[in-house]
Each structure stands twice: as structure tokens, then as C-alpha cells.
Amino acid sequence: MREQSEILFLKITLHRMTDHYLPKLTQALQRINSEELWKKDNNQNSIGGITLHMVEHVQRHINRYFEPTKNEHDAGIESYFPDAKMVPSELTVIVHDTYTSWREGMDDLITSNDQHIDMHSFYHLVEHTGYHLGQIIDRVQRLTGRSFGFCQNGINEINLRKVIEGDSF
């Protein structure tokens with residue numbers, strides 16, 4: 001039987017990734033065009049490359065916990081920032097599909113008691129995603145000259161906590 005603290009940790013992880021980070025990433029991708037998405041300044045990775053790096057990390061997490069028959073060796077992600085040249089709407093679909101799969105797996109994991117979790121791995125996923133999301137948001141704001149105002153528009157810690165506490169798990 002999972003302890004309440006472990007269930008709470010998994011719920012926070014689930015909702016932070018899907019109700020906090022995903023909407024921010026989606027809004028950022030919707031604000032830029034294809035050229036801006038794949039632009040590399042001063043040898044930095046592009047917004048699209050960083051996004052695909054994040055998606056790959058989430059997919060590897062899916063494979064590790066929810067589809068272990070697909071689990072692959074985790075080597076090489078540090079330098080995985082592909083240059084796919086797709087349009088923002090195509091990339092957004094990939095992001096949503098990946099996060100939807102991850103959410104479904106998390107829903108099952110939270111309600112089951114038979115699978116051990118490595119809390120360090122889940123924490124790293126959230127931290128890694130938050131770090132790269134911050135890079136993306138900063139770059140999009142600099143490119144567009146517009147602030148997102150996420151907190152003022154409801155994507156904030158107070159509302160996230162309400163979602164987590166209202167979760168029926």
C-alpha cells in the first residue's frame with residue numbers, strides 16, 4: 001500500500017507537469033513561427049530542439065515506468081537537441097500526445113500499489129522539465145517582446161494546489 005506522502009508526491013508531479021508546465025509550453029509554442037522555433041543564436045539550441053529534448057526525456061520516463069518492454073538505454077539525452085524543422089503546430093501535437101501518454105501512465109501508477117517508484121527519477125523529470133521550460137519561455141518573451149502573465153492568468157501555485165487538493169485519487 002502506498003503511503004499518503006508518496007501518493008501526494010505523485011499527484012503533485014502529475015499536476016505540475018500536465019496542468020502547470022504543459023499549458024505554458026503550449027502557449028509559448030503558439031506565439032512563435034517556424035523560423036523562430038528553429039533559430040539558433042550564438043550556438044545555443046533552438047526552442048524546437050529544447051522542446052524535443054524535453055519530450056524525449058518524458059518519453060524515456062514513459063518507457064521506464066509505463067511501457068517497460070520499450071525501455072531503452074538512457075544514454076545520449078544530454079546532447080539530444082534535434083533540428084526537426086517542423087511547424088509549431090506539429091510540434092505542439094507531439095508535445096500533447098507525449099504528455100497525454102505520460103498522464104495516463106501516472107493515473108494508473110497513482111492508483112496501483114504494485115509498482116515501486118524511484119522518487120528521485122520523478123523529481124528529476126519535473127526539475128529537468130521546469131528548467132528547460134524556463135529557457136523556452138525566456139527566449140519566446142525576448143523574441144516576441146511580450147510577457148505571458150501566467151500567474152495573472154491562473155497558471156500559478158495557488159491554483160495548482162487547489163487542483164492537487166481537489167484530485168480524487
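This is a predicted model, so every value here is computed, not measured.

Asker: Could you clarify how one ought to interpret the nonpolar core in this entry?
Answerer: Nonpolar side chains in soluble globular proteins generally cluster together in the buried interior. Leu10, Met17, Trp102, Met106, Phe122 and Ile136 are the most contacted members of the largest nonpolar core, which totals 42 residues. Counting residues per element, the ones that place at least two in this core are helix H1 (4-30), helix H2 (34-38), helix H3 (47-65), helix H4 (88-111) and helix H5 (119-144). For this core, the leading source of residues is H1, giving 10 residues. Beyond its immediate chain neighbours, meaning those up to four positions away, phenylalanine 122 contacts Phe9, Leu10, Thr13, His61, Tyr65, Met106, Leu109 and Ile117.

Asker: So what exactly am I meant to see when it comes to unusual backbone geometry here?
Answerer: Residues apart from glycine generally show negative phi values, whereas peptide bonds are mostly found in trans. Backbone geometry at asparagine 42 places phi at a positive 50 degrees, although glycine is not the residue there. Judged by relative accessible area, which is 75%, asparagine 42 ranks as exposed. Phi at lysine 85 is positive, roughly 60 degrees, even though this residue is not glycine. By secondary structure assignment, the location of lysine 85 is in the loop between H3 and H4. Given a relative accessible area of 56%, lysine 85 falls into the exposed group.

Asker: I keep staring at the side chain of threonine 98 and nothing clicks. Help me out?
Answerer: Mapped onto the fold, threonine 98 is located in helix H4. Sequence-distant contacts of threonine 98, defined by excluding residues within four places in its chain, comprise Val55, Val58, Gln59 and Ile62.

Asker: What is the right way to look at H1 in this model?
Answerer: Side chains three or four residues apart in an α-helix point the same way, a direct result of the helix having 3.6 residues per turn. Between the first and last C-alpha of H1 there are 38 Å, a value that for 27 residues agrees with the 39 Å anticipated at 1.5 Å per step. The principal kink in H1, of about 35 degrees, is found at tyrosine 21, preceding the proline proline 23 by one to four residues. Extensive coverage of H1 is indicated by the burial of 19 of its 27 residues.

Asker: Help me out: how do you make sense of the environment of methionine 17 in this one?
Answerer: Along the chain, methionine 17 turns up in helix H1. Note: C-alpha distance between methionine 17 and valine 58 (41 residues apart in sequence) is 9.9 Å. Ignoring sequence-local partners within four residues, the contact set of methionine 17 consists of Leu22, Val58, Tyr99, Trp102, Leu125, Val126 and Thr129.

Asker: Would you take a moment to explain the packing of aromatic side chains for this structure?
Answerer: Two aromatic rings are characterised by how far apart their centres lie and by the angle between their planes. For the structure on display, the rule yields three aromatic pairs. Ring centres 6.4 Å apart and planes at 50 degrees place the aromatic pair tyrosine 65 and phenylalanine 66 in the tilted group. Across the pair, phenylalanine 66 and tyrosine 65 agree in class, each one buried. For the pair tyrosine 65 and phenylalanine 122, a centre-to-centre distance of 4.7 Å together with 50 degrees between the ring planes defines the contact as tilted. Of the two residues, tyrosine 65 is situated in helix H3 and phenylalanine 122 in helix H5; the sequence distance between them amounts to 57 residues. Aromatic rings pair up to connect Tyr65, Phe66 and Phe122 into one cluster.

Criteria and thresholds
- Residues numbered from 1 in each chain as written.
- Predicted model: local features only at pLDDT ≥ 70, side-chain atom pairs only at ≥ 80, totals over all residues.
- Heavy atoms only, no water.
- Core = buried A, V, L, I, M, F, W, Y, C linked by side-chain atoms within 4.5 Å.
- Buried < 20%, exposed > 50% of the residue type's maximum accessible area, 1.4 Å probe, protein only.
- Helix = DSSP H or I, 4+ residues; strand = E, 2+ residues; numbered from the N terminus.
- Contact = heavy atoms within 4.5 Å.
- Expected span 1.5 Å × (residues − 1).
- Bend = angle between axes of the 7 residues up to and from the residue.
- Phe/Tyr/Trp six-rings, centres within 6.5 Å; stacked < 30°, edge-to-face > 60°.

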